[in-house]
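A structural walkthrough
Residues per chain are reported as follows:
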Amino acid sequence: MIRFIIIIALFFGVLALAPALLDEPGYILISIGNSIFELTIYAAFFWIAAIAVTAFFIYKILRGGFKISFKAWNKVAFASKRRGIANFNKGLAAYMLEDYQNAEQLFSKSAEPAKRQQSAYLLAAASSAKQGLDANTNHYLDLLAQETVKFSKSDLASIIVKTKLLMNQARPDAYKKARELIDENHKLIGHDARLLSLEIDLCLIEKRYQTAVDYLTAARKEKSIADTVIQAWEQKAYSGAFTEIICQQDQSSLQEYWQAVPRKVKQREAVLFAYCHVLAENNITEPLTKLITPMLKKQPNDSFLKQLRSLPIKQSEPLIALVQKHLHKDSKNAQWLSCLGHLAVMSEQWSMAEKAFGSLVRLEANKDKKQYDKQDLQALAKALTEEGQHQAANEVWHKIVELS
């Protein structure tokens with residue numbers, strides 16, 4: 001704009017000086033080949049200014065025209081991409097609103113135009129999985145795999161989501177694909193807790209218990225994995241490993257394996273009771289009693305006593321004697337009464353079980369909080385039934401229904 005003002009100013013300046021130059025205008029001769037052009041200085045300035053102004057206007061017109069043309073071309077050329085991005089964003093909104101059917105269609109439609117194939121196919125697979133459409137999920141996962149091949153490195157997040165989607169289908173062929181995917185990216189397991197978690201879950205599904213046990217060492221070091229999750233893994237992994245050894249080998253092999261377990265791991269309740277449960281199921285009484293006795297002599301916590309009553313111990317007389325000693329010191333202790341009742345039921349001492357649970361139930365009259373739970377009442381009902389007290393057993397069952 002400044003240049004335009006300068007040119008106009010020069011033009012009008014020349015016009016203002018023209019009268020002074022008319023008396024002695026001066027001449028300019030221009031020779032081109034055989035032609036000679038004669039101009040006054042005034043005329044030369046005039047035509048130069050006129051040409052400059054005309055050129056400036058032509059430049060502005062052409063530049064504006066190119067801008068308009070480029071915008072129009074850009075609008076036409078990228079219309080499809082803009083629609084794809086809009087559909088992708090709509091798909092995200094539909095997914096967040098749990099409209100998974102619409103989300104699946106929008107993600108599928110937007111993948112190619114928006115140039116977001118990996119994200120769109122992954123989200124489309126997740127949407128179809130929410131609807132339980134395994135065939136659609138696998139289709140999108142296949143498309144995702146085709147896109148992934150184009151890149152030298154796989155995206156870790158995509159691997160994790162794809163593995164989880166396959167495992168959620170809970171079918172042998174899906175588990176097989178999940179295993180192949182994890183094995184292809186095995187080196188990443190030690191660098192990401194999420195992939196490690198999926199590996200352990202898959203090992204437990206595949207009944208590769210010893211492999212799961214080996215991974216638990218790394219899982220315990222991951223602060224992002226909750227202790228409750230690790231306890232559940234420990235219970236399943238060690239129970240499976242102990243059962244495999246006792247079934248495929250013998251009792252001595254099981255005890256050797258237990259001795260090789262690190263002391264700190266043995267002290268974890270999930271591992272301890274997994275071992276005790278296998279011993280109780282196989283009637284290996286002596287090692288089981290030796291393992292539990294030191295703990296019962298002390299004052300175990302409520303969690304320990306509740307897990308103890310779930311063990312199918314058929315010969316529990318030594319343990320019953322220990323519990324009775326505790327009750328001699330405190331006859332109204334709800335935890336020990338419950339423990340005694342369950343041990344008596346497991347050893348089929350029905351009368352003892354009835355008395356223990358009867359005392360436990362009567363504690364309710366003196367305290368606001370119930371001292372028993374549903375499992376206690378079920379054991380009492382079983383003891384009453386075995387003693388032939390069917391009417392009393394029915395009353396207990398009615399009470400159980402009320403608690404449910």
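Residues numbered from 1 in each chain as written. Predicted model: local features only at pLDDT ≥ 70, side-chain atom pairs only at ≥ 80, totals over all residues. Heavy atoms only, no water.

Description of the overall build of the chain
What the chain contains, in helices and strands, is 21 helices and two strands. Within the chain, buried positions represent 38% of all 404 residues. The long-range share in the chain, meaning contacts at least 24 apart out of those at least 6 apart in sequence, stands at 55%. Of the roughly 24500 Å² of accessible surface on the chain, 57% is carried by carbon and sulfur atoms. (Helix = DSSP H or I, 4+ residues; strand = E, 2+ residues; numbered from the N terminus. Buried < 20%, exposed > 50% of the residue type's maximum accessible area, 1.4 Å probe, protein only. Contact = heavy atoms within 4.5 Å. Areas by Shrake-Rupley, 256 points an atom, 1.4 Å probe, with all protein chains shown as cover.)

Structural notes on the packing of aromatic side chains
In this description, a pair of aromatic rings is defined by centroid distance and the angle of the planes. Per the stated rule, a full pass over the model turns up six aromatic pairs. With 5.8 Å between their ring centres and 80° between their planes, Phe242 and Tyr257 make a pair best called edge-to-face. With Phe242 in helix H11 (residues 227–248) and Tyr257 in helix H12 (residues 251–260), the pair connects residues that are 15 residues apart, well separated along the chain. Centre to centre, the rings of Phe242 and Trp258 are 6.0 Å apart; their planes meet at 65°, and the pair counts as edge-to-face. Of the two residues, Phe242 is situated in helix H11 and Trp258 in helix H12; the sequence distance between them amounts to 16 residues. Judged by relative accessible area, Trp258 falls into the buried class, the value being 5%. (Phe/Tyr/Trp six-rings, centres within 6.5 Å; stacked < 30°, edge-to-face > 60°.)

Observations regarding helix H8 (residues 172–184)
The first and last C-alpha atoms of H8 sit 18 Å apart over 13 residues, in line with the 18 Å expected at 1.5 Å per residue. Taken as a whole, H8 has its buried residues at Ala174, Tyr175, Ala178, Arg179, Leu181 and Ile182. For H8, the arc enclosing every buried residue in end-on projection is 165°, short of the 170-degree limit, so these residues lie on one face. Summarising the geometry of H8, the exposed residues directed more than 90 degrees from the buried face are Pro172, Lys176 and Glu184. The secondary structure elements touched by the buried residues of H8 are helix H7 (156–168) and helix H9 (193–205). (Expected span 1.5 Å × (residues − 1). Arc of directions from axis to C-beta.)

Some remarks on the confidence of the model for the chain
Per-residue confidence for the chain gives a mean pLDDT of 78, with 75% of residues at or over 70. Note on residues 66–70: pLDDT under 50 across the span, and zero contacts to partners over four residues away in sequence or across chains. Under a pLDDT of 50 for its full length, residues 72–77 has, in the predicted model, three contacts with residues more than four places off or in other chains. (pLDDT = per-residue confidence, 0-100.)

With respect to the packing of helix H15 (residues 285–297) against helix H17 (residues 317–329)
Interaxial distance between H15 and H17 falls to 10 Å at its minimum, and their mutual angle equals 0°. Taken as axis vectors, H15 and H17 run roughly parallel relative to one another. Taken together, the residues of H17 that come into contact with H15 (itself represented by Thr289, Ile292, Thr293, Leu296 and Lys297) are Pro318, Leu319, Leu322, Val323 and His326. (Axes fitted to C-alpha atoms, helices over the stretch in contact; angles between N-to-C directions. Parallel < 35°, antiparallel > 145°, perpendicular 65-115°, else oblique.)

Topic: H11
Its 22 residues give H11 an end-to-end C-alpha distance of 31 Å, which sits within 8% of 32 Å, the value for a rise of 1.5 Å per residue. Of all the residues in H11, the buried ones are Ile230, Trp233, Glu234, Ala237, Tyr238, Ser239, Gly240, Ala241, Phe242, Ile245 and Ile246. Tucked into the core, H11 has its buried residues touching H9, helix H10 (209–221), H12, helix H13 (263–266) and helix H14 (269–281).

Concerning the side chain of His342
Within the secondary structure, His342 is located in helix H18 (residues 334–346). Relative accessible area serves as the criterion here: at 5%, His342 is assigned to the buried category. Discounting chain neighbours no more than four positions away, the residues touching His342 are Arg309, Phe357, Gln375, Asp376 and Ala379.

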